Amino acid sequence: METNASKRHIAVIEKCMMSAAGLAHFFNMPAFAQYQLHLFSEFDSFKAALSHTPFYSIIYSLSNEREERRNCLVYLGELAIAHNAIQRIVLASDEAEAKLVSHLSPSSLHGIISKTASLTDLRTQFVNLLNETSRGDEGTLGHWHGSQSRLLSPTERAILRYMSSGYSIPEIAAQLERNIKTIRAHKFNAMVKLGVNSDVGLLDAADILKHLTAGDPRRLSLMMPTYS
(Lines give C-alpha, C1' and ligand atoms only; values in the text may rest on other atoms or scores of the structure.)
Protein backbone atom coordinates (compact mmCIF):
# COMPACT_ATOMS: atom_id res chain seq x y z
CA MET A 1 0.00 0.00 0.00
CA GLU A 2 1.30 3.45 -0.95
CA THR A 3 2.19 5.64 2.02
CA ASN A 4 1.52 9.37 2.30
CA ALA A 5 5.28 10.00 2.28
CA SER A 6 5.59 8.54 -1.22
CA LYS A 7 2.66 10.49 -2.66
CA ARG A 8 2.91 13.71 -4.64
CA HIS A 9 1.58 16.68 -2.71
CA ILE A 10 -1.14 18.74 -4.38
CA ALA A 11 -2.23 22.12 -2.96
CA VAL A 12 -5.72 23.44 -3.65
CA ILE A 13 -6.64 27.07 -2.94
CA GLU A 14 -10.41 27.21 -2.42
CA LYS A 15 -12.19 29.81 -0.27
CA CYS A 16 -15.64 28.21 -0.29
CA MET A 17 -15.93 25.43 2.29
CA MET A 18 -18.58 23.54 0.31
CA SER A 19 -16.50 23.68 -2.86
CA ALA A 20 -13.44 22.57 -0.90
CA ALA A 21 -15.39 19.56 0.39
CA GLY A 22 -16.45 18.76 -3.17
CA LEU A 23 -12.87 18.93 -4.41
CA ALA A 24 -11.69 16.73 -1.54
CA HIS A 25 -14.30 14.14 -2.53
CA PHE A 26 -13.32 14.47 -6.20
CA PHE A 27 -9.62 13.84 -5.49
CA ASN A 28 -10.55 10.83 -3.39
CA MET A 29 -11.24 8.94 -6.63
CA PRO A 30 -8.95 5.97 -7.37
CA ALA A 31 -7.50 7.87 -10.35
CA PHE A 32 -5.77 10.24 -7.87
CA ALA A 33 -4.51 7.62 -5.41
CA GLN A 34 -0.89 8.68 -5.94
CA TYR A 35 -1.57 12.23 -4.74
CA GLN A 36 -1.91 13.74 -1.27
CA LEU A 37 -4.36 16.67 -1.26
CA HIS A 38 -3.83 19.77 0.91
CA LEU A 39 -6.69 22.30 1.08
CA PHE A 40 -6.05 25.99 1.79
CA SER A 41 -8.53 28.84 2.03
CA GLU A 42 -5.91 31.46 1.15
CA PHE A 43 -2.57 31.72 -0.61
CA ASP A 44 -0.67 32.87 2.50
CA SER A 45 -1.43 29.56 4.23
CA PHE A 46 -0.06 27.71 1.22
CA LYS A 47 3.11 29.86 1.28
CA ALA A 48 3.66 28.94 4.92
CA ALA A 49 3.27 25.23 4.13
CA LEU A 50 5.84 25.50 1.34
CA SER A 51 8.64 25.71 3.89
CA HIS A 52 8.10 22.09 4.94
CA THR A 53 6.12 20.41 2.12
CA PRO A 54 7.55 19.70 -1.37
CA PHE A 55 4.44 20.46 -3.39
CA TYR A 56 4.21 18.97 -6.86
CA SER A 57 1.28 21.06 -8.03
CA ILE A 58 -1.03 23.91 -7.00
CA ILE A 59 -4.63 24.19 -8.18
CA TYR A 60 -6.14 27.66 -7.75
CA SER A 61 -9.95 27.55 -7.77
CA LEU A 62 -11.81 30.68 -8.93
CA SER A 63 -15.40 31.88 -8.59
CA ASN A 64 -15.63 34.47 -11.39
CA GLU A 65 -14.83 37.45 -9.15
CA ARG A 66 -12.50 40.10 -10.57
CA GLU A 67 -10.41 40.65 -7.42
CA GLU A 68 -9.97 36.94 -6.82
CA ARG A 69 -8.99 36.39 -10.46
CA ARG A 70 -6.50 39.24 -10.27
CA ASN A 71 -4.97 37.93 -7.03
CA CYS A 72 -4.70 34.44 -8.49
CA LEU A 73 -2.68 35.65 -11.47
CA VAL A 74 -0.42 37.79 -9.29
CA TYR A 75 0.22 34.94 -6.83
CA LEU A 76 0.88 32.35 -9.53
CA GLY A 77 3.16 34.81 -11.31
CA GLU A 78 5.20 35.17 -8.12
CA LEU A 79 5.23 31.41 -7.65
CA ALA A 80 6.52 30.92 -11.18
CA ILE A 81 9.52 33.08 -10.30
CA ALA A 82 10.32 31.66 -6.87
CA HIS A 83 9.26 28.01 -7.37
CA ASN A 84 9.06 27.32 -11.08
CA ALA A 85 9.16 23.54 -10.59
CA ILE A 86 5.71 23.56 -8.99
CA GLN A 87 2.98 22.85 -11.51
CA ARG A 88 0.39 25.66 -11.74
CA ILE A 89 -3.23 24.90 -12.64
CA VAL A 90 -6.22 27.25 -12.60
CA LEU A 91 -9.74 25.89 -12.06
CA ALA A 92 -11.95 28.54 -13.64
CA SER A 93 -15.64 29.00 -12.84
CA ASP A 94 -16.67 28.73 -16.50
CA GLU A 95 -15.24 28.77 -20.02
CA ALA A 96 -15.43 32.57 -20.30
CA GLU A 97 -13.23 32.96 -17.23
CA ALA A 98 -10.88 30.25 -18.51
CA LYS A 99 -10.41 32.26 -21.70
CA LEU A 100 -9.74 35.48 -19.77
CA VAL A 101 -7.16 33.80 -17.55
CA SER A 102 -5.42 32.17 -20.51
CA HIS A 103 -4.86 35.56 -22.15
CA LEU A 104 -4.09 37.63 -19.05
CA SER A 105 -1.71 35.33 -17.20
CA PRO A 106 1.78 36.93 -17.08
CA SER A 107 3.50 33.55 -16.78
CA SER A 108 2.94 30.19 -18.39
CA LEU A 109 0.38 27.97 -16.70
CA HIS A 110 0.37 24.21 -16.97
CA GLY A 111 -3.38 24.07 -17.37
CA ILE A 112 -6.65 25.98 -17.17
CA ILE A 113 -9.75 23.87 -16.58
CA SER A 114 -13.38 24.98 -16.55
CA LYS A 115 -15.64 23.79 -13.72
CA THR A 116 -18.48 23.51 -16.25
CA ALA A 117 -16.90 20.42 -17.80
CA SER A 118 -18.53 17.08 -17.06
CA LEU A 119 -17.23 15.03 -14.15
CA THR A 120 -15.67 12.56 -16.57
CA ASP A 121 -13.95 15.34 -18.52
CA LEU A 122 -12.71 16.98 -15.31
CA ARG A 123 -11.18 13.72 -14.16
CA THR A 124 -9.53 13.14 -17.54
CA GLN A 125 -8.14 16.68 -17.74
CA PHE A 126 -6.73 16.60 -14.21
CA VAL A 127 -5.18 13.15 -14.69
CA ASN A 128 -3.55 14.27 -17.94
CA LEU A 129 -2.24 17.52 -16.44
CA LEU A 130 -0.90 15.96 -13.26
CA ASN A 131 0.91 13.34 -15.33
CA GLU A 132 2.57 15.95 -17.57
CA THR A 133 6.31 15.43 -17.85
CA SER A 134 7.01 18.58 -19.90
CA ARG A 135 5.88 21.14 -17.35
CA GLY A 136 5.43 24.84 -17.98
CA ASP A 137 5.32 24.45 -21.75
CA GLU A 138 2.95 26.92 -23.42
CA GLY A 139 2.23 24.29 -26.04
CA THR A 140 0.94 21.58 -23.70
CA LEU A 141 -2.53 20.27 -24.43
CA GLY A 142 -3.67 21.24 -20.95
CA HIS A 143 -3.14 24.94 -21.58
CA TRP A 144 -6.57 26.38 -22.37
CA HIS A 145 -6.56 28.43 -25.60
CA GLY A 146 -2.78 28.03 -25.66
CA SER A 147 -2.22 29.00 -29.28
CA GLN A 148 0.25 31.85 -29.51
CA SER A 149 -1.81 33.34 -32.34
CA ARG A 150 -4.67 33.86 -29.91
CA LEU A 151 -2.70 35.64 -27.22
CA LEU A 152 -3.02 39.40 -26.79
CA SER A 153 -0.47 41.32 -28.80
CA PRO A 154 1.80 43.92 -27.14
CA THR A 155 -0.30 46.70 -28.73
CA GLU A 156 -3.54 45.18 -27.46
CA ARG A 157 -2.11 44.93 -23.96
CA ALA A 158 -0.89 48.52 -24.15
CA ILE A 159 -4.36 49.69 -25.14
CA LEU A 160 -5.91 47.86 -22.19
CA ARG A 161 -3.40 49.39 -19.80
CA TYR A 162 -4.17 52.89 -21.10
CA MET A 163 -7.89 52.17 -20.78
CA SER A 164 -7.44 51.16 -17.16
CA SER A 165 -5.86 54.58 -16.55
CA GLY A 166 -8.85 56.39 -18.04
CA TYR A 167 -7.46 57.25 -21.48
CA SER A 168 -9.94 57.69 -24.35
CA ILE A 169 -9.43 56.08 -27.76
CA PRO A 170 -8.13 59.37 -29.32
CA GLU A 171 -5.74 59.83 -26.36
CA ILE A 172 -4.49 56.25 -26.70
CA ALA A 173 -3.96 56.81 -30.42
CA ALA A 174 -1.86 59.87 -29.63
CA GLN A 175 0.19 58.01 -27.01
CA LEU A 176 0.91 55.08 -29.33
CA GLU A 177 1.31 57.30 -32.39
CA ARG A 178 -1.32 55.37 -34.33
CA ASN A 179 -4.52 56.51 -36.01
CA ILE A 180 -7.84 56.11 -34.25
CA LYS A 181 -9.12 53.44 -36.68
CA THR A 182 -6.07 51.28 -35.95
CA ILE A 183 -6.59 51.57 -32.19
CA ARG A 184 -10.26 50.68 -32.54
CA ALA A 185 -9.32 47.64 -34.63
CA HIS A 186 -6.83 46.46 -31.96
CA LYS A 187 -9.47 47.06 -29.27
CA PHE A 188 -11.98 44.96 -31.20
CA ASN A 189 -9.42 42.16 -31.63
CA ALA A 190 -8.75 42.20 -27.89
CA MET A 191 -12.46 41.90 -27.16
CA VAL A 192 -12.77 38.91 -29.49
CA LYS A 193 -9.75 37.15 -27.96
CA LEU A 194 -10.94 37.78 -24.39
CA GLY A 195 -14.48 36.74 -25.15
CA VAL A 196 -16.04 40.01 -23.94
CA ASN A 197 -18.64 42.05 -25.80
CA SER A 198 -18.65 45.35 -23.94
CA ASP A 199 -16.32 48.04 -22.64
CA VAL A 200 -17.21 46.93 -19.11
CA GLY A 201 -15.82 43.46 -19.77
CA LEU A 202 -12.77 44.92 -21.45
CA LEU A 203 -12.14 47.26 -18.51
CA ASP A 204 -12.38 44.26 -16.18
CA ALA A 205 -9.53 42.65 -18.10
CA ALA A 206 -7.64 45.97 -18.24
CA ASP A 207 -7.91 46.33 -14.46
CA ILE A 208 -6.44 42.87 -13.98
CA LEU A 209 -3.54 43.62 -16.32
CA LYS A 210 -2.84 46.85 -14.45
CA HIS A 211 -2.30 44.98 -11.19
CA LEU A 212 -0.17 42.12 -12.52
CA THR A 213 3.43 42.56 -11.46
CA ALA A 214 5.00 39.18 -12.17
CA GLY A 215 8.73 39.58 -12.59
CA ASP A 216 8.93 42.69 -10.42
CA PRO A 217 11.91 42.05 -8.12
CA ARG A 218 10.34 44.26 -5.44
CA ARG A 219 7.69 41.57 -4.89
CA LEU A 220 10.13 38.66 -4.57
CA SER A 221 10.76 39.51 -0.95
CA LEU A 222 7.14 38.61 -0.27
CA MET A 223 7.70 35.05 -1.38
CA MET A 224 8.75 32.27 0.99
CA PRO A 225 12.17 30.61 1.12
CA THR A 226 12.59 27.35 -0.74
CA TYR A 227 12.03 24.19 1.26
CA SER A 228 14.97 22.07 2.25
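The rules behind the values
- Residues numbered from 1 in each chain as written.
- Predicted model: local features only at pLDDT ≥ 70, side-chain atom pairs only at ≥ 80, totals over all residues.
- Heavy atoms only, no water.
- Helix = DSSP H or I, 4+ residues; strand = E, 2+ residues; numbered from the N terminus.
- Buried < 20%, exposed > 50% of the residue type's maximum accessible area, 1.4 Å probe, protein only.
- Contact = heavy atoms within 4.5 Å.
- Areas by Shrake-Rupley, 256 points an atom, 1.4 Å probe, with all protein chains shown as cover.
- Expected span 1.5 Å × (residues − 1).
- Pairing = 2+ DSSP bridges.
- Axes fitted to C-alpha atoms, helices over the stretch in contact; angles between N-to-C directions.
- Salt bridge = Lys/Arg side-chain N within 4 Å of Asp/Glu carboxyl O.
- Phe/Tyr/Trp six-rings, centres within 6.5 Å; stacked < 30°, edge-to-face > 60°.
- Lys NZ or Arg CZ within 6 Å of the ring centre and 35° of its normal.
- Right-handed = clockwise from strand over helix to strand, strands pointing away.

So, the overall build of the chain
(1) Moving on: Each helix and strand counted, the chain has 9 helices and 5 strands in total.
(2) Moving on: The linear arrangement of helices and strands in the chain, starting from the amino end, is β-α-β-α-β-α-β-α-β-α-α-α-α-α.
(3) Moving on: Counting only residues that meet the buried cut, the chain has 47% of its 228 residues in that class.
(4) Moving on: Long-range contacts, defined here as pairs at least 24 residues apart, represent 70% of the contacts in the chain between residues at least 6 apart.
(5) Moving on: Looking at the chain as shown, the accessible area adds up to about 11,400 Å², and 52% of this sits on carbon and sulfur atoms.

Examining helix α3 (residues 66-82)
(1) Moving on: In this model α3 runs 25 Å from its N-terminal to its C-terminal C-alpha over 17 residues, within 8% of the 24 Å that 1.5 Å per residue would give.
(2) Moving on: Glu 68, Arg 69, Arg 70, Cys 72, Leu 73, Val 74, Leu 76, Gly 77, Glu 78, Leu 79 and Ala 80 are the residues of α3 that are buried.

Digging into the sheet that holds strand β4 (residues 87-92)
(1) Moving on: Reading across the sheet, the 5 strands line up as β2-β1-β3-β4-β5 and stay open at both edges, with parallel pairing between neighbours. Here the strands that pair on one side only, and so sit at the sheet edges, are β2 (35-40) and β5 (111-114). Along the sheet, successive strands turn relative to each other by an average axial angle of 20°, direction set aside.
(2) Moving on: Sheet topology note: the strand β3 (residues 55-61)/β4 ladder contains 5 bridges and is parallel. By the bridge assignment, Ser 57 is partnered in β4 with Gln 87.
(3) Moving on: Set on the sheet, helix α1 (residues 17-26) makes contact with β1 (8-13), β2, β3 and β4; between it and β2 the angle comes to about 180°.
(4) Moving on: Together, β3 and β4 form the strand contacts of α3, whose direction differs from that of β3 by roughly 165°.

With respect to the environment of Ser 153
(1) Moving on: By the element assignment, Ser 153 lies in the loop between α5 (119-130) and α6 (154-164).
(2) Moving on: Along the primary structure Ser 153 and Ala 190 are separated by 37 residues, whereas in three dimensions their C-alpha atoms are 8.4 Å apart.
(3) Moving on: If near-sequence neighbours (up to four positions away) are discounted, Ser 153 is found in contact with His 186 and Lys 193.

Some remarks on unusual backbone geometry
(1) Moving on: A positive phi is found at Asn 64, a non-glycine position, where the angle reads about 65°.
(2) Moving on: As for its position among the elements, Asn 64 is in the loop between β3 and α3.

What to know about the pattern of salt bridges
Two side chains with opposite charge may pair up if their charged atoms get near one another.
(1) Moving on: A full pass over the atoms with the stated rule returns 5 salt bridges.
(2) Moving on: A salt bridge links Glu 97 to Arg 69, with the shortest nitrogen-to-oxygen separation between them at 3.1 Å. Here Glu 97, found in helix α4 (residues 95-104), pairs with Arg 69, found in helix α3; they are 28 residues apart in sequence, far enough to count as distant.
(3) Moving on: The buried category is assigned to Glu 97, whose relative accessible area is 1%.
(4) Moving on: Across the pair Asp 199 and Lys 187 runs a salt bridge, and its minimum N-O distance is 2.9 Å. Taken together, the positions of Asp 199 in helix α9 (residues 199-211) and Lys 187 in helix α8 (residues 180-194) put the pair 12 residues apart, joining distant regions of the chain.
(5) Moving on: In this structure Lys 187 comes out as buried when scored by relative accessible area, which is 15%.

Remarks on the environment of Arg 70
(1) Moving on: Tracing the backbone shows Arg 70 in helix α3.
(2) Moving on: A relative accessible area of 16% means that Arg 70 is categorised as buried.
(3) Moving on: It is 5.2 Å that separates the C-alpha atoms of Arg 70 and Ile 208, two residues lying 138 residues apart in sequence.

Considerations on the packing of aromatic side chains
(1) Moving on: Under the counting rule described, the total for this entry stands at 12 aromatic pairs.
(2) Moving on: For the ring pair Tyr 162 and Tyr 167, a centre distance of 4.9 Å and an interplane angle of 65° mean the geometry is edge-to-face.
(3) Moving on: An aromatic cluster is present here, built from Phe 40, Phe 43, Phe 46, Phe 55 and Tyr 75 joined pairwise through their rings.
(4) Moving on: Positioned above the aromatic ring of Tyr 56, the side-chain terminus of Arg 8 is 4.3 Å from the ring centre.

Observations concerning the pairing of β4
(1) Moving on: β4 sits mainly inside the fold: 6 of its 6 residues count as buried.
(2) Moving on: Residues of β4 alternate between two faces, with Gln 87, Ile 89 and Leu 91 on one and Arg 88, Val 90 and Ala 92 on the opposite face, all of them buried.
(3) Moving on: Chirality of the crossover, the property in question, places the unit of β3, α3 and β4 among those that are right-handed.

Limitation: the analysis is restricted to geometry and does not speak to function.
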